[in-house]
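Results of the structural survey
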Amino acid sequence: MRESRRSPLKSAVPSNIVSPVRRCSRTACGRPAVATLTYVYADSTAVLGPLATYAEPHCYDLCAEHSERLTAPRGWEVVRLSDGSAPTHPSGDDLEALANAVREAARPHDRGPDGGGRGPRSADPVEVARRGHLRVLRSPDS
C-alpha cells in the first residue's frame, strides 16, 4: 500500500470560488454581509444585529440592502440592535453648527479701540453667556 506524501491540508483542491469574506445568505446575492439575523422562536422575534464574529449554522448573514428591507412574518416582532462602534451620521444641527463655527473662524476678529480695527457691527449678535465651547447669543434688537 502506498502512502500519500501530501499533508491533509495540501491535498485539498484550491478553489477561487470560496471567498474568506462572508457573503449575504440570501439566494443569488453575492454582496458582503454586514448584519446577522437570528430567530427566537419562543418569543416570535427576529433579531437583526451587527455581523457576528463567526458564522454559525443557525444564523443568517445579510448584506446592507437585505438587512434594511427585512420584514418578519405576521405576528412576529423585529428587534434591530445597533452597533455602538459604528460611526453615526451627523444630523442637520451638527452640520449647521460646524458651518457656523467655520464662518466664525474665517471672520476677521474685532480688535480693541487701540488695535485699529473697526468696531462691532450693529447687526451682530451679542454674547450673553458661555459654557465650554457653546455660547448663548442675544440679538442686538432685544
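Attention here is on the structure that accompanies the text. Just so you know, these numbers come straight off a predicted model, no measurement behind them. (Residues numbered from 1 in each chain as written. Predicted model: local features only at pLDDT ≥ 70, side-chain atom pairs only at ≥ 80, totals over all residues. Heavy atoms only, no water.)

With that settled, the discussion passes to the pairing of strand 2 (residues 45-50). For strand 2, the buried fraction is high: 5 of the 6 residues fall into the buried class. Pairing between strand 1 (residues 35-40) and strand 2: 6 bridges, direction antiparallel. Residue pairing across strands places Leu37 opposite Leu48, the latter belonging to strand 2. What sits between the antiparallel neighbours strand 1 and strand 2 is a turn of 4 residues, in which Ser44 has the positive phi angle 50 degrees. Two strands pair when backbone bridges link them, and strand 2 and strand 4 (residues 77-80) are joined in this way by 4 bridges, in the parallel orientation. Residue Ala46 lies in a different strand from strand 4, and its bridge partner there is Val78. (Buried < 20%, exposed > 50% of the residue type's maximum accessible area, 1.4 Å probe, protein only. Helix = DSSP H or I, 4+ residues; strand = E, 2+ residues; numbered from the N terminus. Pairing = 2+ DSSP bridges.)

Attention shifts here to the packing of aromatic side chains. All told, the structure shown has 4 aromatic pairs when counted by the stated rule. Summarising the aromatic geometry, the rings of Tyr41 and Trp76 are spaced 5.8 Å apart at their centres and angled 85 degrees between planes, so their arrangement reads as edge-to-face. Residue Tyr41 is located in the loop between strand 1 and strand 2, and its partner Trp76 is located in the loop between helix 1 (64-68) and strand 4; the two are separated by 35 residues in the primary sequence. Three or more aromatic residues joined by ring pairs form one cluster here, namely Tyr39, Tyr41, Tyr60 and Trp76. (Phe/Tyr/Trp six-rings, centres within 6.5 Å; stacked < 30°, edge-to-face > 60°.)

The phi angle at Ala28 is positive, at roughly 65 degrees, despite the residue not being glycine. Relative to the helices and strands, Ala28 is located in the segment before strand 1. Among the residues examined, Ala28 registers a relative accessible area of 86% and is labelled exposed. A positive phi angle, near 50 degrees, is found at Ser44, a position not held by glycine. Within the secondary structure, Ser44 sits in the loop between strand 1 and strand 2.

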